[in-house]
Amino acid sequence: MSSGRLQVKIKRVCARKRSQDFLKTHLTPARKIGGGVGSPKCPPNRRTGTIMADNPAAEYCSDSEDLFGDYDSILEDSSLLAKLDDAEENERRRAASEQNFTALQPPKDAVRKQSHEDSFTSSILDELRNEPFQALPSSQLQFQEQIQEQAKRCRLQDEDKTSTPLQSAKRTAEVRPKPNMEGETRRDSRARRSVADQLKKTMLENAAAPPGMSRTAVLKEAVVSEEISVAMQAMETISAEMPDLGPFFGLPSRVKELMYKLRGIQKLYDWQETCLNLDCIQQRKNLIYSLPTSGGKTLVAEILILRELLCRKKDCLFILPYISLVQEKVRGLASFGLELDFMVEEYAGSKGKFPPVKRRNHTSLYVATIEKAHSLVNSLIETGKLDHLGLVVVDELHMLGDGSRGAVIEMTLAKVQYMSKTTQIIGMSATLGNIKDLQTFLGAENYTNDFRPVQLKEFVKLNNTICEVDPKEESGFRFSRLLNFKYSSAMQKIDPDHIIAMVTEIIPTHSCLVFCPTKKNCENVAGMICRYLKNEFLQHREAEKTVLLRELRDSGNGLMCPVLRRTVPYGVAYHHSGLTSEERKLVEEAYSNGVLCLLTCTSTLAAGINLPARRVILRSPYVATDFLKRSQYKQMVGRAGRAGIDTVGESILILQEKDRKMAKALVCAPMENCYSNLMQDDGKGILSLILSLIGLNIATSLQQIQDFLRGTLLFAQQQQLCVDRSLQDVVQQCVHTLKEKVLITITETDSPVLQITKLGRATYKGSVDLTYCDVLYKDLCKGLEGLLLNSYLHLVYLVTPYDLIAQCKPDWMIYFRQFTLLSAAEQKMSAVIGVPESFVARKAAGQTVKKSVNLPVVNRMYLALVLLCLLKETNVWSVADRFQLSRGFVQMLLSSASAFCSCVLHFTEELEELWPFNALLQELTRRLSYCVKLELIPLMEVAGVTEVRAKQLFNAGYKTPTHLANADPAALCRTIENLYKKQAKLMVASAKMLVNEKAAALQEEVDELLTLPKDLPQI
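Remember, it's a predicted structure, so these values are computed and weren't measured experimentally. As a convention, each chain's residues are numbered from 1 in the sequence order in which they are written. Per-residue local features of the predicted model are confined to residues with pLDDT of at least 70, and side-chain atom pairs are confined, for both listing and counting, to 80 or more; whole-chain, interface and lining totals are unaffected and use all residues. With hydrogens and water excluded, all non-hydrogen atoms of the structure serve as input to the side-chain values.

K.L.:
Looking at this structure, how should I read the overall build of the chain?
P.N.:
Only DSSP runs of H or I reaching four residues or more are called helices, and only runs of E reaching two or more are called strands; each is numbered from the N terminus. Within the chain, the secondary structure is distributed over 44 helices and 21 strands. Burial classification: accessible surface area is computed with a 1.4 Å probe over protein chains only, and a residue below 20% of its type maximum counts as buried, one above 50% as exposed, and the rest as partly exposed. A buried classification covers 51% of the 1019 residues belonging to the chain. A sequence separation of at least 24 residues applies to 71% of the contacts in the chain between residues at least 6 apart. Residue contacts are defined here by distance: any two heavy atoms, one from each residue, within 4.5 Å place the two residues in contact.

K.L.:
How do you make sense of the pattern of salt bridges when you look at a structure like this?
P.N.:
Oppositely charged side chains can pair when the atoms bearing their charge come close. A carboxyl oxygen of Asp or Glu within 4 Å of a side-chain nitrogen of Lys or Arg is what we treat as a salt bridge. Following the criterion strictly, the structure yields 33 salt bridges and no others. Among the salt bridges present, the one from Glu-382 reaches Arg-761, with a minimum N-O distance of 3.8 Å. On the criterion of sequence distance, the pair formed by Glu-382 in helix α12 (residues 370-382) and Arg-761 in helix α30 (residues 758-765) is long-range, its members being 379 residues apart. The partly exposed category is assigned to Arg-761, whose relative accessible area is 27%. Close ionic contact of Arg-619 with Asp-497 constitutes a salt bridge, the shortest N to O distance being 2.6 Å. Here Arg-619 is found in the loop between β16 (615-618) and β17 (622-623), whereas its partner Asp-497 is found in the loop between α15 (489-494) and α16 (499-504), with 122 residues between them in sequence.

K.L.:
Would you mind showing me how to read the sheet that holds strand β14 (residues 572-575) here?
P.N.:
Sheets are built from strands that pair by backbone hydrogen bonding, the pairs being arranged parallel or antiparallel. Each pair of strands is called paired provided DSSP finds at least two bridges between the two strands. Read across the sheet, 8 strands follow the order β12-β11-β10-β19-β16-β13-β15-β14 without closing on themselves; strand pairing throughout is mixed. Strands with a single pairing partner mark the edges of an open sheet, and in this sheet they are β12 (477-482) and β14. The sheet shows a mean angle of 25° between the axes of neighbouring strands, direction not considered. Bridge count between β16 and strand β19 (residues 648-655): 4 bridges; the pairing is parallel. From the neighbouring strand, Arg-615 faces β19, where its bridge partner is Glu-650. Axes here mean lines fitted to C-alpha atoms, for a helix over just the part in contact, with angles spanning 0 to 180 degrees between N-to-C directions. On top of the sheet, helix α17 (residues 519-531) reaches β13 (512-515), β14 and β15 (598-601); it is set at about 150° to β15, its chief contact. Helix-sheet contacts for helix α21 (residues 581-592) involve β13, β14 and β15, and the interaxial angle to β14 is about 130°.

K.L.:
For this particular structure, what's the right way to read the packing of helix α10 (residues 297-310) against helix α11 (residues 323-340)?
P.N.:
What describes two packed helices is the angle between their axes and the distance between those same axes. Where α10 meets α11, the axes come as close as 13 Å, and the angle between the chain directions of the two elements is 35°. For the crossing formed where α10 meets α11, the hand is right-handed. Contacts from Thr-298, Glu-302, Leu-306 and Leu-310 in α10 reach Lys-329, Leu-333, Phe-336 and Leu-340 in α11. The residue classification treats Ala, Val, Leu, Ile, Met, Phe, Trp, Tyr, Cys and Pro as nonpolar and Asp, Glu, Lys and Arg as charged. All others, Gly included, are polar. Of the residues in the contact of α10 with α11, the class split is 5 nonpolar, 1 polar and 2 charged. Working rule for handedness: look at the near helix, and if it is turned counterclockwise from the far one by less than a right angle, call the crossing left-handed; if clockwise, right-handed.

K.L.:
Explain unusual backbone geometry here, please?
P.N.:
Trans peptide bonds make up the majority, and among non-glycine residues the majority have a negative phi. Omega for the peptide link from Phe-354 to Pro-355 comes to -10°, which places this bond in the cis form. With an omega of 0°, the peptide bond between Ile-507 and Pro-508 qualifies as cis. Mapping Pro-508 onto the fold places it in the loop between α16 and β13. The backbone phi angle of Asp-341 is positive, close to 65°, even though this residue is not glycine. Secondary-structure assignment places Asp-341 in the loop between α11 and β5 (343-347).

K.L.:
Looking at this structure, I do not really get the sheet that holds strand β6 (residues 364-368). What am I missing?
P.N.:
Spatially, 7 strands are ordered β5-β6-β4-β7-β8-β3-β9 in an open sheet, and the strand pairing comes out parallel. Looking at strand neighbours, the two that pair on one side only are β5 and β9 (445-448), the edges of this open sheet. This sheet shows a mean twist of 15° between the axes of neighbouring strands, independent of strand direction. Across 5 bridges, the pairing between β5 and β6 is parallel. Bridge pairing in β6 places Glu-345 opposite Tyr-366. Along the sheet face, helix α14 (residues 435-442) touches β3 (287-290), β8 (424-429) and β9 and points at about 155° away from the line of β3.

K.L.:
Honestly, the nonpolar core in this entry has me stumped. Any pointers?
P.N.:
General note: in soluble globular proteins, nonpolar side chains tend to be found buried as a group. Counting 127 residues, the largest nonpolar core has Leu-317 and Tyr-815 as its most contacted members. The greatest single-element share of this core, amounting to 13 residues, is contributed by helix α36 (residues 855-873). Apart from the residues lying within four places of it in its own chain, the contact partners of Tyr-815 are Pro-810, Val-835, Val-840, Val-858, Met-861, Tyr-862 and Leu-865. Joining through side-chain atoms within 4.5 Å is the link that ties buried Ala, Val, Leu, Ile, Met, Phe, Trp, Tyr and Cys residues into a set, and such a set is a nonpolar core. Formed by 75 residues, the second largest nonpolar core is a distinct cluster that contains Val-460, Phe-477, Leu-513 and Tyr-574.

K.L.:
Would you mind showing me how to read the pairing of β16 here?
P.N.:
In β16, alternate side chains face the same way, and those of Arg-615 and Ile-617 on one face and Val-616 and Leu-618 on the other are all buried. As paired strands, β13 and β16 are joined by 4 bridges and run parallel to one another. Considered in β16, the bridge of Val-514 is made with Ile-617.

K.L.:
Please clarify how the packing of helix α26 (residues 702-709) against helix α29 (residues 727-740) should be interpreted in this entry.
P.N.:
Contact geometry for α26 and α29: axes closest at 11 Å, N-to-C directions at 125°. When the axis of α26 is compared with that of α29, the two are oblique. Where α26 crosses over α29, the two elements pack in a sense that is right-handed. Facing α26, whose interface residues are Leu-702, Ile-705, Gln-706 and Leu-709, α29 presents Leu-727, Gln-728, Val-731, Gln-732 and Val-735. The cut-offs work like this: below 35 degrees is roughly parallel, past 145 is roughly antiparallel, 65 to 115 is roughly perpendicular, and the gaps in between are oblique.

K.L.:
Honestly, the side chain of Arg-630 in this entry has me stumped. Any pointers?
P.N.:
Mapped onto the elements, Arg-630 comes out in helix α23 (residues 630-637). Only four residue types enter the tally: Lys and Arg on the positive side, Asp and Glu on the negative side; His and the chain ends are excluded. As a buried residue without a salt bridge, Arg-630 has its nearest oppositely charged side chain in Glu-458, at a separation of 5.4 Å. Sequence-distant contacts of Arg-630, defined by excluding residues within four places in its chain, comprise Leu-666, Val-667, Cys-668, Ala-669, Pro-670, Met-671 and Glu-672.

K.L.:
Looking at this model, I keep getting lost on a nonpolar patch on the surface. Mind explaining?
P.N.:
Patches were defined on residues exceeding 30% relative accessible area and lacking a salt bridge, with like-charge contacts within 9 Å and nonpolar side-chain contacts (Val, Leu, Ile, Met, Phe, Trp, Tyr) within 5 Å. Values of accessible area rely on a 1.4 Å probe in the Shrake-Rupley scheme; residue burial ignores everything except the protein chains shown. Together, Val-1006, Leu-1009 and Leu-1010 make up an exposed nonpolar region whose accessible area comes to about 340 Å². Here Val-1006 shows up in helix α44 (residues 981-1010). According to the relative accessible area criterion, Val-1006 is partly exposed, its value standing at 36%.

K.L.:
Would you take a moment to explain the packing of aromatic side chains for this structure?
P.N.:
Aromatic ring pairs are described here by two measures, namely the spacing of the ring centres and the angle between the planes. Pairs were defined over the aromatic rings of Phe, Tyr and Trp, the Trp ring being its six-membered one, requiring ring centres within 6.5 Å. Orientation was assigned from the angle between planes: stacked under 30 degrees, edge-to-face over 60, tilted for the rest. Here the structure, examined in full by the defined rule, presents 14 aromatic pairs. Taken together, a centroid distance of 5.2 Å and an interplanar angle of 75° make the contact between Phe-248 and Phe-249 edge-to-face. For Phe-248, a relative accessible area of 6% puts it in the buried group. Since its relative accessible area comes to 10%, Phe-249 is described here as buried. Judged by centre distance (4.9 Å) and plane angle (50°), the rings of Tyr-815 and Tyr-862 are tilted. Residue Tyr-815 is found in helix α33 (residues 812-820), and its partner Tyr-862 is found in helix α36; the two are separated by 47 residues along the sequence. You'll find Tyr-815 and Tyr-862 in the same group, each marked buried. Its guanidinium or amino end placed over the ring of Tyr-797, Arg-860 lies 4.7 Å from that ring's centre, counting from NZ or CZ. Here, over-ring charges are defined by two tests on the NZ atom of lysine or the CZ atom of arginine: distance to the ring centre within 6 Å, and angle to the ring normal within 35 degrees.

K.L.:
What exactly am I supposed to notice about the confidence of the model for the chain here?
P.N.:
When pLDDT is low, close inspection of the predicted coordinates is not appropriate. As a per-residue measure, pLDDT reflects the predictor's confidence and takes values from 0 up to 100. Looking at the chain as a whole, its pLDDT mean stands at 80, while 76% of the residues score no less than 70. Note on residues 159-193: pLDDT is under 50 here. Beyond four places in sequence and across chains, it has 46 contacts. Low pLDDT (under 50) marks residues 235-244, which in the prediction has 28 contacts with non-local residues, meaning those over four places away or in another chain.

K.L.:
Can you help me understand the state of the cysteines in this one?
P.N.:
What makes a disulfide is a covalent bond joining the sulfur atoms belonging to two cysteines. Only a pair of cysteine sulfur atoms within 2.5 Å qualifies as a disulfide here. In total, this model carries 0 disulfides according to the counting rule given. No disulfide involves Cys-516; its sulfur sits 4.3 Å from that of Cys-522, the nearest cysteine.

K.L.:
Looking at this model, I keep getting lost on the pairing of strand β11 (residues 465-469). Mind explaining?
P.N.:
Sheet topology places strand β10 (residues 455-462) next to β11; 4 bridges connect them, and they run antiparallel. Bridge assignment links Leu-462 to a residue of β11, and that residue is Thr-465. In this antiparallel pair of consecutive strands, β10 and β11, the connection spans 2 residues, and Asn-463 shows a positive phi of 60°. Across 5 bridges, β11 lies against β12 in antiparallel orientation. For Val-469, the partnering residue across the bridge sits in β12 and is Phe-477.

Right, here's the structure in full:
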């Protein structure tokens, strides 16, 4: 498969053989036509015909290929071509004898004549001129006249020259330097092809409508002309570097090679091919497609993204629900970006530029979280570049019904639809009960399939009995088997649900996931299982488990979770939000590689990274104290069955007798409905939406807001959601609320005009929650009065997230101990914001505090002390231990603070009075994003590089992304301990993408500086 050539076959049908109904183009990629795999390719040194005369570097057909089959032309006269070949052969012999003759002369005379090509051609034409051309179409008669005219000019130019080859060569040598033999060979080759090239050129140029032709001939050439025109238009839409449009679902054949090389994918599933060939996809209409978990939905989206990037040269936005998924996708697509010359940009946490960097020579794929995608779309609308966005892909589209995050998805997609009629929206969703509402909202078609690469069998366990789920049965379950496992009385007390019996049927040969209702239960179940596993489990992949234990210890700077220390040797671990990001990555990689055979986990794993298993066990039908939803259940059991490894996947839901009726409804009921969340939390979503509409000048009146809302999911569901009051009343109430908060103003005229205030603009551009925008502004203004600059504490306090304050319950002794470690300036600053030392001391001593104190400020200060320690020590383990917090909470606090710091930075950029914060918060955002020593930050910018890995790379001499981008993956594996080759390749690819992205941004800046302004005054 060639990545550098476009093979296009133009199917010709004789005009005499087709009716008016078939007078249309048959332009089909060569590989899609029968036998296309073996179709000849143009050698790289062949010249192209007139079709690509404007771009000689790209070749689309062989010179020997008959482009005009079934067309009455001289190409059907084999005798003419034979004469042409004979004439060329005679001339080659004459040229060879001439070369032998001139070779006897001194070197300075051994140079080809400048007019060699012309004289060579004309000598052949002299022979052709003597042959009769009878009954030729007018296009060839015109060609003959051109040939004769050219030959005449050549003779006139040579009249004053002698016919002696020696004199001619000497005269040419005085004009130009001696060329090398390679150049002569190329000119000989061009000369030998010049007649054939000219013949085809003239035929193509005159195929449109030559004069003096019969009606039949006109019809023939009109059809040919139409097909050539369509072919040229198709070719012009592709760059010369990627001319191979068509072989792989409209993509260059290079993409198919990369799919196999990087993903091991040789063939798509039938449903994927069907989906990619849907009419709505070909016509670029919006589409929602729904399949079970692990059905291969993402691959279809990636192919559509690549088609948009490479063929239509438009940017794309890929929206994913979690930061970890964004980072994984950026790593996975970086190699494609390098090979196919497009940018992969991460918009998650504190990463991402608004507006995005302007790129003239590259398209960009923005991989973003839900919140960052909304900010990105806002910035594109504001700069008038939303039309550059050709495709928006939303993973987990059913999250439209998921609280405040669902409201953000709805706002984003509604804006895209309203402001750009050319941007296509593709949604991947779980099966929903009211999918038609989503279709109405997006104006989309729906494709649904129940395909799974591995068959799933669902079971429930009641006491010692395993029953298969069967909706046809009255009870909903059909008896399958009894558990055959001998339990001692002690084991029966510890494991009444027989989890050990069910997992030991599978592990260690196969993998198993056990979903637990709480984080603590995950750890307890993992420990319980290992207590009764045999010693043979310790010997299974023992060396690799030893390496994993060492890596886990290194990630904690010598500290390690005691539960993992006990369970990992048995191939068992737990997975929940209490792990640090590095621990989570190590556990996930070890499970994917088979080093770990069992994970006890919470429901968040099902919604995150794809970690399939042969058997999935649901410890309970509850998440915390809430009964499972149908969508949650399907997401968990969908992890059962590993494509390419297992032939079947099993899920077992453990039930108590009291939950039997609810469980029947859970496993047999239809999917839940998805509803708009713009009205949830006292209309917080619709308030934010209206504020941004006014700020972006999308709407400046109540009527325009009403018009916009017609394109929302809320409007499609207003009969269910707007029962108490109409949508119009809701809008008026929201506008009134925004005015009260001084976020907008209303001009009192006959037709009131809505305008945004500076505070309102800062709020929507910083993506600040409307609940906290006025508090944030007051805190920042107050902070300017006595900003402490010799410590990070004051800045850290100002960017500590407000929404985490409620989760903070200070340990007053620890609070007082940490407070006494502060400098005098820091303690003074603390007192100014409302947390005096006396208050903390009294609380630590257990005394009653009479003076009223703002407790949210006190709690926020406590979280700020945690963040300050992190910046100083950069060790999550030691900080978590010092404050007696879970390391997962400390990690979550850090990541939330870095994201909020980025929001505050954009907030202050819109308010002149807060200008001092601009430079200060930029550096703080970087520090909070990575929380490592300064010298490691550049390496941490590379997707997939953890702190432990950054230290290893730095110590090995790879100190910057540039070092890493130019590294050999094999050498990295030898240098860096416990680094797999696949990981090394992904790491190098990510580093190259990062370096290319930064270099392109600098080049764009240079180009912009050197470009002549369009509005330059003319004197």
